[in-house]
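A closer look at the structure
Take a look at the letters that make up each chain.
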2 protein chains.
Amino acid sequence: MAEFAPDPAFDAGSMVIGELALCHVRLQTDARWPWLILIPRGVGLREIEDLSAADRATLIAESVLAGQAVRAMGAALGRPVEKLNMAALGNVTAQLHLHVIGRRADDAAWPAPVWGVGTSEAYEAQALTLGLGAARATLNL
Amino acid sequence: MAEFAPDPAFDAGSMVIGELALCHVRLQTDARWPWLILIPRGVGLREIEDLSAADRATLIAESVLAGQAVRAMGAALGRPVEKLNMAALGNVTAQLHLHVIGRRADDAAWPAPVWGVGTSEAYEAQALTLGLGAARATLNL
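Residues numbered from 1 in each chain as written. Chains lettered and ligands numbered in written order. Predicted model: local features only at pLDDT ≥ 70, side-chain atom pairs only at ≥ 80, totals over all residues. Heavy atoms only, no water.

Points about the interface of chain A and chain B
A common way to express how large an interface is: the accessible area buried when the components associate. Listed as interface residues are 28 residues of chain A and, on the opposing side, 28 residues of chain B. At the boundary of chain A with chain B, total buried surface from both sides reaches about 2,600 Å², with 57% on carbon and sulfur atoms. Considering only the side of chain A, the residues that lose the most area to chain B are Ile60(A), Lys83(A) and Asn91(A), jointly responsible for 25% of the buried surface there. There are six salt bridges connecting chain A and chain B. Taking the shortest distance from any N to any O, the salt bridge between Arg71(B) and Glu49(A) comes out at 2.6 Å. On inspection of chain A and its partner chain B, the count reaches 18 residue pairs in polar contact (both at pLDDT 80 or more). Contributions of two or more residues to the side of chain A that touches chain B are made by helix H1 (53–76) and strand E4 (83–88) of chain A. Partitioned by chemical class, the residues of the side of chain A that touches chain B number 16 nonpolar, four polar and eight charged. Note: E4(A) against strand E4 (residues 83–88) of chain B, three bridges, orientation antiparallel. Bridge pairing links Met86(A) to Ala88(B) in E4(B). (Contact = heavy atoms within 4.5 Å. Buried area = accessible area lost by both parts, 1.4 Å probe. Salt bridge = Lys/Arg side-chain N within 4 Å of Asp/Glu carboxyl O. Polar contact = N/O pair within 3.5 Å; in protein donor to acceptor, adjacent residues only side chain to side chain. Helix = DSSP H or I, 4+ residues; strand = E, 2+ residues; numbered from the N terminus. Nonpolar A, V, L, I, M, F, W, Y, C, P; charged D, E, K, R; others polar. Pairing = 2+ DSSP bridges.)

Quick look at the relation of the copies chain A and chain B
With an RMSD of 0.0 Å, the operation that places chain A on chain B is a rotation of 180° combined with a shift of 0.0 Å along the axis. Both copies of the chain, as the preceding transformation shows, are related through a two-fold rotation axis. Relative to the rotation axis, the closest C-alpha in chain A is found at Ala87(A), a distance of 2.0 Å. When the interface residues of chain A are mapped onto chain B, 100% of them again fall at the interface, so both copies present the same face. (Least-squares fit on C-alpha atoms with pLDDT ≥ 70 in both.)

What to know about the packing of H1(A) against helix H1 (residues 53–76) of chain B
At a minimum axis separation of 9 Å, H1(A) and H1(B) run at an interaxial angle of 120°. With respect to each other, H1(A) and H1(B) are oriented oblique. Between H1(A) and H1(B) lies a crossing whose hand is right-handed. Contact residues: Arg56(A), Leu59(A), Ile60(A) and Val64(A) in H1(A); Arg56(B), Leu59(B), Ile60(B) and Val64(B) in H1(B). (Axes fitted to C-alpha atoms, helices over the stretch in contact; angles between N-to-C directions. Parallel < 35°, antiparallel > 145°, perpendicular 65-115°, else oblique. Left-handed = near helix turned anticlockwise from the far one by under 90°.)

Some thoughts on the sheet that holds strand E2 (residues 23–28) of chain B
Across the sheet, ten strands lie side by side as E1(A)-E2(A)-E3(A)-E5(A)-E4(A)-E4(B)-E5(B)-E3(B)-E2(B)-E1(B); this open sheet has antiparallel pairing. The open sheet has two free edges, formed respectively by strand E1 (14–19) of chain A together with strand E1 (14–19) of chain B, since each of these has just one partner strand. Geometrically, the sheet is characterised by an average inter-axis angle of 20° between neighbouring strands, direction not taken into account. For strand E2 (residues 23–28) of chain A and strand E3 (residues 35–40) of chain A, the ladder comprises five bridges, and the chain directions are antiparallel. Counterpart to Leu27(A) in the pairing with E3(A) is Leu36(A). Across the sheet, helix H2 (residues 125–139) of chain A touches E1, E2 and E3 of chain A, and the angle it forms with E1(A) is around 25°. Those strands touched by helix H2 (residues 125–139) of chain B are E1, E2 and strand E3 (35–40) of chain B, and its axis lies near 25° from that of E1(B).

Below, the structure written as structure tokens:
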């Protein structure tokens, strides 16, 4: 039987944080935004409608928790989040995944969405440690 | 006591379809995409986290229904939806709202997100009638 695995395309821009009840959680390694990706652990999922009603409720609960984690990351990095952006797009990587992104009025794309804007910026080691620590503490991972 | 009202900014690009249990439903009047907007009827809502757990579950249920409505619109207009895009952004209009958009690999923005791409195109009267009819039938509105 097929088992869940994140699409290898996620490896290029993100790293694993851990596993919530439903979702595999990744950090988008772009220092411009505190940005998590939730990937429900199922095989062949493309749309939210592909989840059971119970899993849909879990997904929205985990997305709210991820929003809190993104806020914690922003605070730890001295750039408090002013607005959350949440989106399930999947036009490029079809495997169902939800972006949870912390936005500020002074960020690199505001008020536009972040996708396709400029070039990803690598985290400095200390910032990555701080951000990951804040995210993990909030997510209990 | 303050009552719910959609932000007047929505009037510029969308029209009212009706009311679901939780959400005020609008059609984005851009003929390039079958596109609905769900606005939970609460006062002062900005983020999904501002909803109660019960309302969050209703929101995701209504978003799945809206996805089916967007698929019905695409089918009625001879352009079946190949991928759904769902997003709560709110960087421009802060009132909590969820975009539900039907995408195709031959659409005007694919694979990029739709926001900020090109110029909105008005519906022809017959297409608007067809699309609205399909959406309303699916939404029971």
